[in-house]
Every structure is written in structure tokens, then in C-alpha cells.
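Commentary on secondary and tertiary structure
Take a look at the letters that make up each chain.
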Amino acid sequence: MGLVVQKYGGSSVADAEGIKRVAKRIVETKKSGNQVVVVVSAMGDTTDELIDLAEQVSPIPAGRELDMLLTSGERISMALLAMAIKSLGQEAQSFTGSQAGVITDSVHNKARIIDVTPGRIQASVDEGNVAIVAGFQGVSLDTKDITTLGRGGSDTTAVALAAALNADVCEIYTDVDGVFTADPRVVKKARKIDWISFGDMLELASSGSKVLLHRCVEYARRYNIPIHVRSSFSGLPGTWVSNEPLVHETQQQGEQQVEQALISGVAHDTSEAKVTVVGVPDKPGEAAAIFRAISDAEINIDMIVQNVSAASTGLTDISFTLPKADGPKAIEALEKARTAIAFDSLRYDDQIAKISLVGAGMKTNPGVTADFFDALSRAGVNIELISTSEIRISVVTRADVVNDAVRAVHTAFGLDSDSDEAVVYGGTGR
Ligand code: ADP
Ligand code: ASP
Ligand code: MG
């Protein structure tokens, strides 16, 4: 008998029908002789709707209270799912993150898991129950407060529980058949990837492929937990994310090693905004002061560019990107530091998109960057910022050209499939 951790995303439990469909699949897994621990997200777009509601009563909602509000979404789905499973004749119990032993630091809205003590979960499955755990939430032992792990955080809950319970597999069920070479909502000719390394998946995830959250992949790599991403709607085999291609996969391919693709895929992200600090004195310490103010506000930044300063003024502009959700907080923090930093003005632009090309093969292929920029220029896409890692190139463009740009790059790198269109089974893409 094995222990399986299954995570169901919001689109898989969007309504009563969805919950009943998922309950059936869980009961089948249990009946086939496994212990089953389920991590569940809030129904449909509940989390977005709760955030909208919070913003209607407060422009910058207090972090602690926002966590109290948002964790209610997963409480609803976990209880309903447990009821649906019980009505199929299988015992089930639901648990909040804190009851399940998900211990985090005390940073509200993007807490990190620091420990998992799943005693109650293990006891529950040992008694024959299916244990249902609310995703995306934990508790800080320092403050005794409830925390959330950041958007998409249920993926991380699932992997963290799989590691702590020494599970045989961690399955992430979603509304597409696996990880594709691009978002199937944008590229109909995207191809499903059978296996992808943790390294490439990490880059795709941190570049905006929200099918898996980057912290979840980080966690899985650290504890070497293979993840199987698949659809809760079709039941088809999905994408394995692991260190090495799994043995049964290589056997299917006649004992051949599955080659790592040159390019794994194209990711895009419209969740970031760009802040430009205009007229910064070009002298040592200025950049440090700007980014200290931002980090003191607990905001993570992504790309940075600094212009060459105009010789006549000795002033320069510094631009950086950050999650849109942190935009108002960043502007507030910089305004507070205005006299110390002595800049002229701030510009805030939330009509940007980031497009990234990811693949370990680019390390050894010098033409990739040129081909990427060529494809963008042929599509008439102007580049505003550029950043690279060993296995990724990212650019920032206007938001309104992002879909065309992604499709152009996908085609240029020969990633288009010639057969089946990628299927999206549910969700609103929000
Ligand atoms: P869930 O509610 O199950 O957590 P998410 O909406 O978080 O689902 O993630 C699934 C979505 O991720 C898909 O519907 C798809 O639009 C999007 N996505 C973005 N990039 C990719 C990709 N490369 N492969 C598959 N899905 C992707
Ligand atoms: N419900 C949370 C969100 O939408 C967590 C998750 O779904 O993973 O971000
Ligand atoms: Mg998700």
C-alpha cells in the first residue's frame, strides 16, 4: 500500500458538480489500495473575489486580516469535499493548514513553510480516512497567527505534505493535461511535455507559467519529490517533473533516455508592473537606498535597469519590475524615502508583460538569443527590458502584444504541434 498526495486546484472544484467528480476520483484512488491525502484549493475564483471584496473596503488591506479572509476560501472547499466523499461511503476528515501541522514564518500573504508536523494527518489516514487539507495556509508559531503562502500556494502545501509524509507520489490535478510548451489558453498548438527537469520547470514557473508555483518546484527539488501534473477532467497521464526521467517512461521509449529538449517552453506573465524612479543622483548608495526601502516593505523585485546618466545633469533613471499586487506598497515606501534618496519623480506602469524562453539547451547554443529577438521583431514587438539566466531569456513588452509575441516565439522555435490542439477543460484563466 502506498501513500498518495493529490492536490486539486480551484478550477477542479469550481462548483458542486466539480466537487462530486473529484470526490469520485479520490474514492477510486483509495479503493485501489492507497492511503490518500488530498490538498484542496478554494472553489473557482473565490480567492480573487475575496481580494476584490477586501480592496473595496480598504485600498491596502491589512496583511493579517487579509489572511484571515482568504483562508476561509479553502475551508469551504475542504469541508464540502469531505462531505462529498463521505456520501460515497468513504470516511473522510478535513483539516485546516494549522491543524495539519503546516508551520510557516510570520510574513503575512506570502509566508514560507518552515516545518510540517503531520501527526494528525498520518493518524487520520491510518484510521482509514481520506484526509483533506486546506491548501495555501499555515500558522506561525511566533505570532500564533494564520498565514497564507502567496497566490497558487496550494501547490506548495501539497509538495510539503508529500515530503513530510514520505509519500510515493505527489499528483497536482488541474484544468489542463499537464505542463505544455506554452500556456494552452494562448497557444492552441502548444505541446504537452512528458517529462521536464526541476531546473527548467523552476524557470518556467518563476517566469509566469502558473500551472505550478515556483516555490512548490523549489521544495520538490530540495526533497526530491517527483510531481505528476495532470488533468482532473480527463484522467490522461500528464507531465512528470523530476530530477531524472522516470524509469517506466524510458522503458516505454525502448530503454532510451528521454533527451532533455533544447527549449522547454515559452512563459508569459502579465502580473507584474514597472516602477521607474526618475532623476536619481548618479552616485554610490542611491540604488542601495531605493532597494532597501523596497525590501523593508517586504517586496520582491524581478528585473532592474539603470539608464546611463545624462552628463549635463548627473541624474539617472532606475526601473524595476515587481508584482502588481505590491505596486501601491512600493510607491508608498519610495515616497516615504523621498527626501533621503532625492529623486525627481516616480512613474508606475502596469500595462507591461514579460515573455521568457526557457531551456537548459540554450547554455550551449549561441544562436538562441538572436533567434528570440528576431522572432519578436518580426512580430513587431518592441522590447523594453531584458534579463537572462543561464537557461532563460526574458523581455518586458507592452501588455497588449503579449499573446502575439508568445505565439511568434513558440512557432519560431519549432515548438508548435502539428496534431491535437491543447485542451483547456475548465477555469476562467483569471
Ligand atoms: P489550478 O486552479 O488547478 O491551480 P491554475 O490556474 O493555477 O490551476 O494553473 C493551470 C493553468 O495554468 C492552466 O489553465 C493554464 O492556463 C496555465 N498555464 C500557464 N502556462 C502553462 C503551461 N506552460 N502549461 C500548462 N498550463 C499553463
Ligand atoms: N486559492 C489560492 C489562490 O487562488 C491558492 C491556490 O489556489 O493555490 O491563490
Ligand atoms: Mg494553481
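Here goes a summary of the coordinates provided. (Residues numbered from 1 in each chain as written. Chains lettered and ligands numbered in written order. Predicted model: local features only at pLDDT ≥ 70, side-chain atom pairs only at ≥ 80, totals over all residues. Heavy atoms only, no water.)

Once that is clear, we can look at the site of ligand 1. Neighbouring ligand 1 are 18 residues, the closest being Thr174, Asp175, Phe180, Asp183 and Arg185. Thr174 has a polar side-chain atom sitting 2.7 Å from an oxygen atom of ligand 1. Interatomic distance of 2.7 Å between a side-chain N/O atom of Asp175 and an oxygen atom of ligand 1. Relative to its unbound accessible surface of 570 Å², ligand 1 loses 89% to contact with the protein. Considered class by class, the residues forming the shell around ligand 1 number seven nonpolar, six polar and five charged. (Near = heavy atom within 4 Å. Polar contact = N/O pair within 3.5 Å; in protein donor to acceptor, adjacent residues only side chain to side chain. Areas by Shrake-Rupley, 256 points an atom, 1.4 Å probe, with all protein chains shown as cover. Nonpolar A, V, L, I, M, F, W, Y, C, P; charged D, E, K, R; others polar.)

Glancing now at the pattern of salt bridges. Applying the stated rule across the entire model yields 19 salt bridges. One salt bridge in this structure joins Asp155 and Lys7, with 2.7 Å as the shortest N-O distance. Residue Asp155 is found in helix H5 (residues 154–164), and its partner Lys7 is found in strand S1 (residues 3–8); the two are separated by 148 residues along the sequence. Residues Asp155 and Lys7 agree in their burial class; the two are buried. (Salt bridge = Lys/Arg side-chain N within 4 Å of Asp/Glu carboxyl O. Helix = DSSP H or I, 4+ residues; strand = E, 2+ residues; numbered from the N terminus. Buried < 20%, exposed > 50% of the residue type's maximum accessible area, 1.4 Å probe, protein only.)

Within the secondary structure, Ile85 sits in helix H3 (residues 63–86). Residue Ile85 is classed as buried on the basis of its relative accessible area, which comes to 0%. Remark: the alpha-carbon pair of Ile85 and Val27, spanning 58 residues in sequence, is separated by 6.9 Å. Setting aside its immediate chain neighbours within four residues, Ile85 contacts Ala23, Ile26, Val27, Gln90, Ala92, Val130 and Ile132. (Contact = heavy atoms within 4.5 Å.)

Glancing now at the side chain of Ser209. Mapped onto the elements of the fold, Ser209 is located in the loop between helix H6 (198–206) and helix H7 (214–223). Accessibility expressed as a relative area gives 18% for Ser209, which makes it buried. Those residues in contact with Ser209 that sit more than four places away from it in its chain are Leu204 and Ala267.

A few words on the site of ligand 2. Neighbouring residues of ligand 2: Ser41, Ala42, Thr47, Glu74, Phe136, Arg151, Gly152, Gly153 and Ser154. With respect to ligand 2, the side chain of Glu74 contributes an N or O atom lying 2.7 Å from a nitrogen atom. In this structure, Gly153 approaches ligand 2 through a main-chain N or O atom, which is 3.4 Å from an oxygen atom. For ligand 2, whose free accessible area comes to 260 Å², the fraction covered by protein is 86%. Partitioned by chemical class, the residues of the shell around ligand 2 number two nonpolar, five polar and two charged.

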